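# A closer look at the structure
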Amino acid sequence: MGLPEMPGDTPDVVWDILEYVLRHPDAVDNLHGIVRWRLLDQIIWRELKNATKAVDWLLKEGFLVETTSAATGSLFKLNHQKAADARALLTRHKGNRSS
């Protein structure tokens, strides 16, 4: 049996639900629970992956600095020496989005 064709109007949330139940195959919930807890968990999981990539890039480019301690693990803050460059980059990005 082949994979089903998805209609063009299939909402993106289909993929979030499918990915969640594949990561948690024993999860059972009603529609309200899926929306409230399962999708929230899935969004957080996806955004954690995105944030990890973003923080890695910001560290590599020097916009963030990392400090660590046994109590807190890694902490990130603005590299004040790159603040002007960070503002310029953000302004350029916002300008490109509005074009």
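For the structure itself, consult the block above.
Computed from a prediction, not measured in an experiment: that's the story for all the values here. (Residues numbered from 1 in each chain as written. Predicted model: local features only at pLDDT ≥ 70, side-chain atom pairs only at ≥ 80, totals over all residues. Heavy atoms only, no water.)

### Topic: the overall build of the protein
- A count of helical and extended segments in the protein gives three helices and two strands.
- Mapped in sequence order, the helices and strands of the protein form the string α-α-β-β-α.
- Since a compact globule built from 99 residues should have a radius of gyration of about 13 Å, the 20 Å found for the protein marks it as more spread out than a globular shape.
- In terms of principal-axis extent, the alpha carbons of the protein reach across some 55 × 45 × 30 Å.
- Across the 99 residues that make up the protein, the buried fraction comes to 11%.
- A fraction of 12% describes how many contacts in the protein between residues 6 or more apart in sequence connect residues 24 or more apart.
- Accessible surface for the protein amounts to roughly 8,300 Å². Of this, 61% is attributable to carbon and sulfur atoms.
- The average position of the 13 basic charges and that of the 13 acidic charges among the side chains of the protein differ by 10 Å. (Helix = DSSP H or I, 4+ residues; strand = E, 2+ residues; numbered from the N terminus. Rg over C-alpha atoms; globule rule 2.2 N^0.38 Å. Buried < 20%, exposed > 50% of the residue type's maximum accessible area, 1.4 Å probe, protein only. Contact = heavy atoms within 4.5 Å. Areas by Shrake-Rupley, 256 points an atom, 1.4 Å probe, with all protein chains shown as cover. Lys, Arg positive; Asp, Glu negative; His and termini not counted. Charge placed at Lys NZ, Arg CZ, Asp CG, Glu CD.)

### Some thoughts on the packing of helix 1 (residues 13–23) against helix 2 (residues 31–60)
- Running from N to C, helix 1 and helix 2 cross one another at 90°; their axes reach a closest spacing of 9 Å. When the interaxial angle is binned, helix 1 and helix 2 end up roughly perpendicular. Note on element contacts: helix 2 touches helix 1 through Ile-34, Arg-38, Leu-39, Asp-41, Gln-42, Trp-45, Arg-46 and Lys-49, opposite Val-13, Asp-16, Ile-17, Glu-19, Tyr-20 and Arg-23.
- In terms of residue class, the contact of helix 1 with helix 2 is made up of six nonpolar, one polar and seven charged. (Axes fitted to C-alpha atoms, helices over the stretch in contact; angles between N-to-C directions. Parallel < 35°, antiparallel > 145°, perpendicular 65-115°, else oblique. Nonpolar A, V, L, I, M, F, W, Y, C, P; charged D, E, K, R; others polar.)

### Topic: the pairing of strand 2 (residues 73–78)
- Pairing of strand 1 (residues 64–69) with strand 2, which is carried by six bridges, proceeds in the antiparallel orientation. Along strand 2, the bridge assignment pairs Ser-69 with Gly-73.
- Hairpin geometry of strand 1 and strand 2 is characterised by an intervening segment of three residues between the two adjacent antiparallel strands. (Pairing = 2+ DSSP bridges.)

### Here's the deal with the packing of aromatic side chains
- For the structure shown, the criterion picks out one aromatic pair.
- Between Arg-23 and the ring centre of Trp-45, over which it is positioned, the NZ or CZ distance is 4.0 Å.
- Stacked on the ring of Phe-63, the Lys or Arg Lys-82 has its end atom at 4.9 Å from the ring centre. (Phe/Tyr/Trp six-rings, centres within 6.5 Å; stacked < 30°, edge-to-face > 60°. Lys NZ or Arg CZ within 6 Å of the ring centre and 35° of its normal.)

### Concerning the pattern of salt bridges
- Tallied over the full model, the rule gives five salt bridges.
- The salt bridge partner of Arg-23 is Asp-41, with a shortest N-O separation of 3.1 Å. Note that Arg-23 is positioned in helix 1 and Asp-41 in helix 2, a separation of 18 residues in sequence.
- The exposure class assigned to Arg-23 is partly exposed, which follows from its relative accessible area of 29%. (Salt bridge = Lys/Arg side-chain N within 4 Å of Asp/Glu carboxyl O.)

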